[in-house]
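Structural features, examined
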Amino acid sequence: MYYAFVSAISILSVIGTIASGFWVLFKLAKGEGATSKGVVADVSLLISIASAAGSFLALRGVPEEEFDPSKHMVNLAEKVSRVEGERWQRLLGGWHTINVEFAYIKPPYRAPALSPSAPGQELESVVQDFRQTFPQRVLITGDPGAGKTVLAIRLILDILRDRKPEDPIPVLFSLAEWDTRMSLTGFAARMLERSYGIRRDLAQALIEARKILPVLDGLDEMDKSDAAVDASRAARALEHMNEYQSGATAGALIVTCRSAEYERLERAGHRLYDDAQMHILPVSAEKARKYLADKATDARWEPLLATLQAYPAGTLARALSTPWRLTLAAIGYAASGDPGELQTLGTARQIDEHLLRRFIPSSFDLHAKGRPAGSPADVHRHLSTLARHLVPAAGATSTVAAQTDLILHELWRMGGVSRVRRADLIGTLMLLGVLYACTVTAFVSGAAKLPEAIFVSLIPLVACAVAASRTTLRPPIGVKLPDGNDSAVRTVAAVVLVALGLIWVFLGTAVLTISVFLALMVGGLYLRFLESSSTALGPEDPLRMEMNFSLVVAVTVSAVPGALLFFGGLLIKGYQDHVSFVSPARNLPALLGASGFLGGMLLIGIPVAFWLVGVNVRRYTAFRASSRRSAPPRLFTLMRWSYEAGLLRKSGISYQFRHRELQEWLARHQNPPS
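Computed from a prediction, not measured in an experiment: that's the story for all the values here.

Our focus in this paragraph is the overall build of the protein. From N to C terminus, the protein includes 24 helices and ten strands. The buried share among the 674 residues of the protein stands at 47%. Excluding contacts between residues fewer than 6 apart, the proportion of contacts in the protein whose partners are at least 24 apart in sequence is 76%. In the structure as shown, the protein presents an accessible area of about 31,400 Å², 61% of it carried by carbon and sulfur atoms.

Okay, structure coming up:
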């Protein structure tokens, strides 16, 4: 509604000022506006026309387009395959995975799906088991760290590998982000928009056409452990899943959940219907021994391997019975330390704590490239700050568990909402105050026009100040470029060449050189934006795309008054040559065009680009400037390195901690345990 109102005002401004603009050109052509005050007033009027037009173009909505599933599914399948393939490699840490085994569970009180007649029941054959299940509704359960997410990702990659064009695309969604007041369709559409840049209505149409196979990860991560089951988000999510139908049969989906949490939901009467439950079995002591033996580089591992072989049901074997804990052990002792010290710990919980304590220091030593400044303890404290940011506010009555997604353009709240808003507002007033002061000083030479100029300048200044003080921001602009970009580029190139030819004929080589420079600058920005918007979205892409788009908007909007004054100058010059009122000024169009472009950049381009378009870039900048003590320094470097080191993983446009246990442990320990 806000943007519609502003657009309506802009349209009325354009209609009201176009007639005045032609009248100004006519006065200039007759020489009646030659005084400095008159020229300033006329230039200001033309700039106001461009301002209204630029605001309208920047704020108008994206036109609707006809829905064609096949047009969007090919690109989406490629993006999902790249994203999940990279996540698979990061979860494995460059090593081979353990071929975990699972068993089918068929409770008598639950209507199960038709399971495979001869299931393989191991990771390597999971896709064959899934394809023989009807309906294709699978629940993956297991102990913490058993490999539920790994199994789900492997299933996604195998489905995509053999997928036919008409088959649905499996997409992983984190259930911790689900506001269960919206349906499963609405939630999946929101996540597709956020993670893959698909427009919300198109994403919803794909889901309603059952062209998306939801892979819902972490049913157990939706609520706090002490939440009442009947009032939990997980219970409500199961209701939505049971309502998700495909005609007369249950809609296909895949869900992961810890065994204990799902059994708790079942006992309270909340369960998933028409599903096949795959329960991941513990890793045997023999498989664990072989896995660690492959990673062993010296004799340090021999006592631990001997204990696993001698006591396959002992405390050590039980503690290392999941892929996650085996990974912690392999990384924690990869470079240094005595793995045999694990045998001296009396319980599995003590072993877990010990392995988590070694994880960050060992990763710090193993991955020196791009490593942030400081020590392993500094990295621990910075990651703990991020983990605690995901925990609900202290004293909240909500039963919602900690979130999992670290989204860069939403991290500004970590610096304190009020403080960052104040910093944004102060920065806005200072920067725009300087811009408008310089502009008024440069263009206003008479005191008679100074009050009017200041009054007009205050209007966009106040509008930008209001925008800077807002608490909620819209997501970064997700640009969906139309098909046929090559044709559009050819058309634009032809128009530019014709325009440059006319400039050369009428204005000479000097002006042509300047025009070519400006055309190359605008074209480079456009092609850079075109390239960035066509790549798969990652955590840093939304801010990068918004910055690129803001630059394009700033230059384009600023070119409007420049073009108006340039062609107005051509009209004046031609009229003067014809009637011989005064001696023709050969450089008049170039001077007017340059003045219009620079004035438009200061008065229109920068405010529109960074206070109406690049809102998230501006707010993130204010956050970094105002939160140097409370937020981790060099946040991009920290998160990139943590991803390369295997401490974080990517999920669309968000970072996530590699494992929920790591996130919860860091949230509990602000400083490294001794």
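Following the structure, the description resumes.
Taken together, the six strands give an open sheet; going across it, the order is 1-8-2-7-4-3, and neighbouring strands pair in mixed fashion. Each end of this open sheet is capped by a strand with a single partner; those strands are strand 1 (102–105) and strand 3 (169–174). Pairwise comparison of adjacent strand axes, ignoring direction, gives a mean angle of 20 degrees for this sheet. One ladder, built from six bridges, connects strand 2 (residues 137–142) with strand 7 (residues 253–258); its direction is parallel. Bridge pairing in strand 7 links R137 to L253. Packed onto the sheet, helix 5 (residues 148–161) meets strand 2, strand 3, strand 4 (212–217), strand 7 and strand 8 (276–280) and runs at close to 155 degrees relative to strand 3. Strand contacts of helix 6 (residues 184–196): strand 3, strand 4 and strand 7, with the helix running at about 90 degrees to strand 3, the strand carrying the most contacts.

Counted at 1.5 Å a residue, the expected span for helix 14 (residues 348–366) with its 19 residues is 27 Å, and the 26 Å between its end C-alpha atoms agrees. Along helix 14, the positions that sit buried rather than exposed are I351, D352, H354, L355, L356, F359, I360, S362, S363 and F364. Of the surrounding secondary structure, the elements contacted by the buried residues of helix 14 are helix 12 (315–319), helix 13 (323–332), helix 15 (376–389), helix 23 (635–644) and helix 24 (660–668).

To continue, consider the pairing of strand 10 (residues 654–657). Side chains of strand 10 alternate between two faces, with S654 and Q656 and Y655 and F657 buried alike. As defined by bridge partners, strand 9 (residues 648–651) adjoins strand 10 across four bridges and the pair is classed as antiparallel. By the bridge assignment for strand 10, S651 is matched with S654. Linkage of strand 9 to strand 10, two consecutive antiparallel strands, is achieved through a turn of two residues, within which G652 is found at a positive phi near 65 degrees.

Turning to the nonpolar core, a few remarks are in order. Among the nonpolar cores identified, the biggest contains 125 residues, and L219, M241, L292 and F657 are the most heavily contacted of them. Once residues within four sequence positions are removed from consideration, M241 is found in contact with R137, L175, W178, L184, L216, L219, L253, V255 and L272.

What follows concerns helix 13. Judged by how many residues are buried, helix 13 sits mostly within the fold: ten of ten residues are covered. Looking at helix 13, one finds that the buried residues are P323, W324, R325, L326, T327, L328, A329, A330, I331 and G332. On the buried face of helix 13, the contacting elements are helix 10 (285–295), helix 12, helix 14 and helix 24.

Turning next to the packing of helix 15 against helix 23. Put simply, helix 15 and helix 23 touch, their axes get as near as 12 Å, and they point 100 degrees apart. When the interaxial angle is binned, helix 15 and helix 23 end up roughly perpendicular. The segment helix 15 lies against helix 23, with V379, H382, L383 and L386 engaging L635, L638, M639, W641 and S642. Here the residues of the contact of helix 15 with helix 23 sort into seven nonpolar, two polar and no charged.

Moving on to the pairing of strand 2. The element strand 2 is largely enclosed, with a buried count of six among its six residues. Side-chain alternation along strand 2 places R137, L139 and T141 on one buried face and V138, I140 and G142 on a second face that is also buried. Here strand 2 runs beside strand 8; their pairing, made up of four bridges, is parallel. Residue T141 lies in a different strand from strand 8, and its bridge partner there is H279.

Turning next to the environment of L272. Following the sequence through the fold, L272 ends up in the loop between helix 9 (259–267) and strand 8. For the pair L272 and A237, spaced 35 residues apart in sequence, the C-alpha separation works out to 9.7 Å.

This part covers the pattern of salt bridges. Counting across every chain of the model gives 24 salt bridges. For K290, the salt bridge is made with E286, and the minimal N-O distance between the two is 4.0 Å. Of the two residues, K290 and E286 are both situated in helix 10; the distance of four residues between them amounts to about one turn of the helix. The exposure class of K290 is partly exposed, given its relative accessible area of 47%. Across the pair R660 and E664 runs a salt bridge whose closest N-O atoms are separated by 3.3 Å.

Before going further, it helps to spend a moment on the environment of E78. Relative to the elements of secondary structure, E78 occurs in helix 3 (residues 69–92). Under the relative-accessibility criterion, E78 is labelled partly exposed at 42%. On a C-alpha basis, the gap between E78 and I169 in space is 9.9 Å, while along the polypeptide they are 91 residues apart.

One pass over the full model with this rule turns up nine aromatic pairs. A centroid spacing of 6.0 Å and a plane angle of 70 degrees characterise the contact between F173 and F187, whose relative ring orientation is edge-to-face. Note that F173 is positioned in strand 3 and F187 in helix 6, a separation of 14 residues in sequence. Overall, F187 belongs to the buried group, its relative accessible area being 0%. Relative to F636, the ring of Y620 lies with its centre 5.6 Å away and its plane at 50 degrees, an arrangement referred to as tilted. Of this pair, Y620 sits in helix 22 (residues 615–626) while F636 sits in helix 23; the two residues are 16 residues apart in sequence, bridging distant segments of the chain. Note on Y620: relative accessible area 11%, which makes it buried.

Moving on, we get to the packing of helix 15 against helix 24. Contact geometry of helix 15 with helix 24 gives a least axis separation of 8 Å together with a crossing angle of 105 degrees. What the angle tells us is that helix 15 and helix 24 run roughly perpendicular. Between helix 15 and helix 24, the contacting residues are H380, L383, S384, A387 and R388 on the first element and Q663, W665, L666 and A667 on the second. By residue class, the composition of the contact of helix 15 with helix 24 is five nonpolar, three polar and one charged.

The next thing to look at is the side chain of T327. Along the chain, T327 falls in helix 13. Residues within four places of T327 in sequence aside, it is in contact with Y291 and R658.

Attention now goes to the environment of I426. Turning to its location among the elements, I426 is positioned in helix 16 (residues 417–443). C-alpha separation for the pair I426 and A622, spaced 196 residues apart in sequence, amounts to 9.4 Å.

Look at the link from F134 to P135: it is a cis peptide, with omega at -10 degrees. Residue placement: P135 occurs in the loop between helix 4 (126–131) and strand 2. At D274, a position not held by glycine, the phi torsion is positive, near 60 degrees. Relative to the elements of secondary structure, D274 occurs in the loop between helix 9 and strand 8. The phi torsion at R634 lies on the positive side, around 45 degrees, for a residue other than glycine. In this structure, R634 sits in the loop between helix 22 and helix 23. Using a relative accessible area of 60% as the deciding quantity, one classes R634 as exposed.

What counts, and where the lines are drawn
Residues numbered from 1 in each chain as written. Predicted model: local features only at pLDDT ≥ 70, side-chain atom pairs only at ≥ 80, totals over all residues. Heavy atoms only, no water. Helix = DSSP H or I, 4+ residues; strand = E, 2+ residues; numbered from the N terminus. Buried < 20%, exposed > 50% of the residue type's maximum accessible area, 1.4 Å probe, protein only. Contact = heavy atoms within 4.5 Å. Areas by Shrake-Rupley, 256 points an atom, 1.4 Å probe, with all protein chains shown as cover. Pairing = 2+ DSSP bridges. Axes fitted to C-alpha atoms, helices over the stretch in contact; angles between N-to-C directions. Expected span 1.5 Å × (residues − 1). Core = buried A, V, L, I, M, F, W, Y, C linked by side-chain atoms within 4.5 Å. Parallel < 35°, antiparallel > 145°, perpendicular 65-115°, else oblique. Nonpolar A, V, L, I, M, F, W, Y, C, P; charged D, E, K, R; others polar. Salt bridge = Lys/Arg side-chain N within 4 Å of Asp/Glu carboxyl O. Phe/Tyr/Trp six-rings, centres within 6.5 Å; stacked < 30°, edge-to-face > 60°.

Honestly, that's just the spatial picture; any functional story needs more than this.
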